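# Residue-level structure breakdown
Next come the chains, spelled out residue by residue.
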Amino acid sequence: IEKALEMTSAALKYGAYNSELLNYHGCFLYFTGKNMQALKALQAAEEQDQTWAPPKYNKAIVYYYQRKYSKAFEEISQASKLDPFYIPIILWKLIISYFVSNDEFEQSSTELKLYLKYKPQSWMKSVGKFMLEQLSEEELLKEADKGKTAIIQLEKLCEAYFYIGFFELLNKNKNKAV
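Below is a summary of the structure that appears in this document. What you see is a predicted model, and the numbers here were worked out from it, not measured in a lab. (Residues numbered from 1 in each chain as written. Predicted model: local features only at pLDDT ≥ 70, side-chain atom pairs only at ≥ 80, totals over all residues. Heavy atoms only, no water.)

### A look at the overall build of the protein chain
To keep it simple, the criterion reads: Only DSSP runs of H or I reaching four residues or more are called helices, and only runs of E reaching two or more are called strands; each is numbered from the N terminus. Radius of gyration means the value over C-alpha atoms here, while the globule rule gives 2.2 Å times the residue count to the 0.38 power. Buried residues are those whose accessible area, probed at 1.4 Å on protein chains only, stays under 20% of the maximum for their type, while exposed residues exceed 50% and partly exposed ones sit between those limits. Note on contacts: a residue pair is in contact if any heavy atoms of the two residues lie within 4.5 Å. Only the protein chains shown count as cover for residues, and the accessible areas themselves come from Shrake-Rupley with a 1.4 Å probe. We count Lys and Arg on the positive side and Asp and Glu on the negative side, and we leave His and both chain ends out. A single reference atom marks each charge: NZ on Lys, CZ on Arg, CG on Asp, CD on Glu.
Secondary structure assignment for the protein chain yields 11 helices and zero strands. Along the protein chain, from the amino end to the carboxyl end, the secondary structure elements read α-α-α-α-α-α-α-α-α-α-α. For 178 residues, the compact-globule estimate of 2.2 N^0.38 gives 16 Å, and the C-alpha radius of gyration of the protein chain, at 17 Å, lies within 12% of that figure. Taking the principal axes of its C-alpha atoms as reference, the protein chain extends roughly 50 × 40 × 35 Å. Taking all 178 residues of the protein chain together, the buried fraction comes to 44%. Long-range pairs, those at least 24 residues apart, make up 46% of the contacts in the protein chain with a sequence separation of at least 6. When the accessible surface of the protein chain is summed, it comes to about 10400 Å², and 53% of that surface belongs to carbon and sulfur atoms. The positive charge centre, built from 23 side chains, and the negative charge centre, built from 22, are 1 Å apart in the protein chain.

Dropping the structure here:
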């Protein structure tokens, strides 16, 4: 991550100033614990292209981890309006809404159910089914284990364990989540 941050910093220094680069730069700043700088970079990315959802999505995640749930929900809701069928946004909206209100959580659950009903099969669709308790932990891990390459399989397994842990936290099973 440090090398990626160094490279995006250099590119920005030499004038490669666009929303995608700023978005990546903001993510790398966040990953290195520089939250305020990350939010500034993500805001700049958003200003470069106000129709692109990733900067709002990533700002929502930064706010979420800062426990600023209302701000996180506001950002993820705006991202959802820009890209309503991007499953990570739908999943994060569900997660964040849990900390905002029961009504928002129910609405987000409904949005996820509709997505799962009408969109074609994908790996993230399996994650969504797990979050709605339509797949067991074991079934999700089996789906993750079906990666076409070892790298994809590893990425899916990492995501599966992340969402399994997150699900346990949402259900107040802190010991099982760790």
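### Looking at the pattern of salt bridges
Put simply, the test is: For this document, the term salt bridge refers to a Lys or Arg side-chain nitrogen within 4 Å of an Asp or Glu carboxyl oxygen.
Inspection of the entire model under this criterion finds seven salt bridges. A salt bridge links Glu 6 to Lys 3; the shortest N-O distance between them is 3.4 Å. Remark: Lys 3 and Glu 6 occur in helix H1 (residues 2-13); sequence separation between them is three residues, near one turn of the helix. A salt bridge links Glu 75 to Lys 56; the nearest nitrogen and oxygen atoms lie 3.6 Å apart. Taken together, the residues Glu 75 in helix H5 (residues 69-82) and Lys 56 in helix H4 (residues 54-65) connect sequence positions 19 residues apart. Across the pair, Lys 56 and Glu 75 agree in class, each one buried.

### Remarks on the packing of helix H6 (residues 87-98) against helix H7 (residues 102-118)
Heads up, the condition is: Axis definition: a line fitted to C-alpha atoms, over the contacting stretch in the case of helices. Angles run 0 to 180 degrees between N-to-C directions. Here the word oblique covers every angle except those under 35 degrees (roughly parallel), over 145 (roughly antiparallel) and from 65 to 115 (roughly perpendicular). Each helix crossing is assigned a hand: it is left-handed if the near helix lies turned anticlockwise from the far helix by less than a right angle, otherwise right-handed if that turn is clockwise. Any residue outside Ala, Val, Leu, Ile, Met, Phe, Trp, Tyr, Cys, Pro, Asp, Glu, Lys and Arg is labelled polar, Gly included; the first ten of those are nonpolar and the last four are charged.
Interaxial distance between H6 and H7 falls to 8 Å at its minimum, and their mutual angle equals 155 degrees. By the angle class used here, H6 and H7 are roughly antiparallel. For the pair H6 and H7, the crossing hand works out as left-handed. Of H7, the residues touching H6 (which contributes Ile 87, Ile 90, Leu 91, Lys 93, Leu 94, Ser 97 and Tyr 98) are Glu 104, Phe 105, Ser 108, Ser 109, Glu 111, Leu 112 and Tyr 115. By residue class, the composition of the contact of H6 with H7 is eight nonpolar, three polar and three charged.

### As for the packing of aromatic side chains
What counts here: Aromatic contacts are taken between Phe, Tyr and Trp rings whose centres are within 6.5 Å, Trp giving its six-membered ring; a plane angle under 30 degrees counts as stacked, one over 60 as edge-to-face, and the others as tilted.
For the structure on display, the rule yields 14 aromatic pairs. For the ring pair Tyr 64 and Tyr 69, a centre distance of 5.6 Å and an interplane angle of 55 degrees mean the geometry is tilted. As far as the burial class goes, Tyr 64 and Tyr 69 line up, both buried.

### Considerations on the layout of surface pockets
This is how the line gets drawn: The rule is simple: put a 1 Å grid over the protein atoms alone, call a set of points where a 1.4 Å probe fits but cannot get out a cavity, call an open set with protein on both sides within 12 Å along at least five of seven lines a pocket, and count a residue as lining if it has an atom within 4 Å of a point. Grid points are joined across faces, edges and corners, and a volume is the space filled by probe spheres set on the points.
Roughly 530 Å³ of volume is contained in the largest pocket. Looking at the largest pocket, it is lined by 21 residues, and the ones nearest its centre are Phe 31, Tyr 57, Asn 58, Ile 61 and Trp 92. Those elements giving two or more residues to the lining of the largest pocket turn out to be helix H2 (19-31), H4, H6 and helix H10 (150-170). Of the residues assigned to the lining of the largest pocket, the class counts are 16 nonpolar, three polar and two charged.

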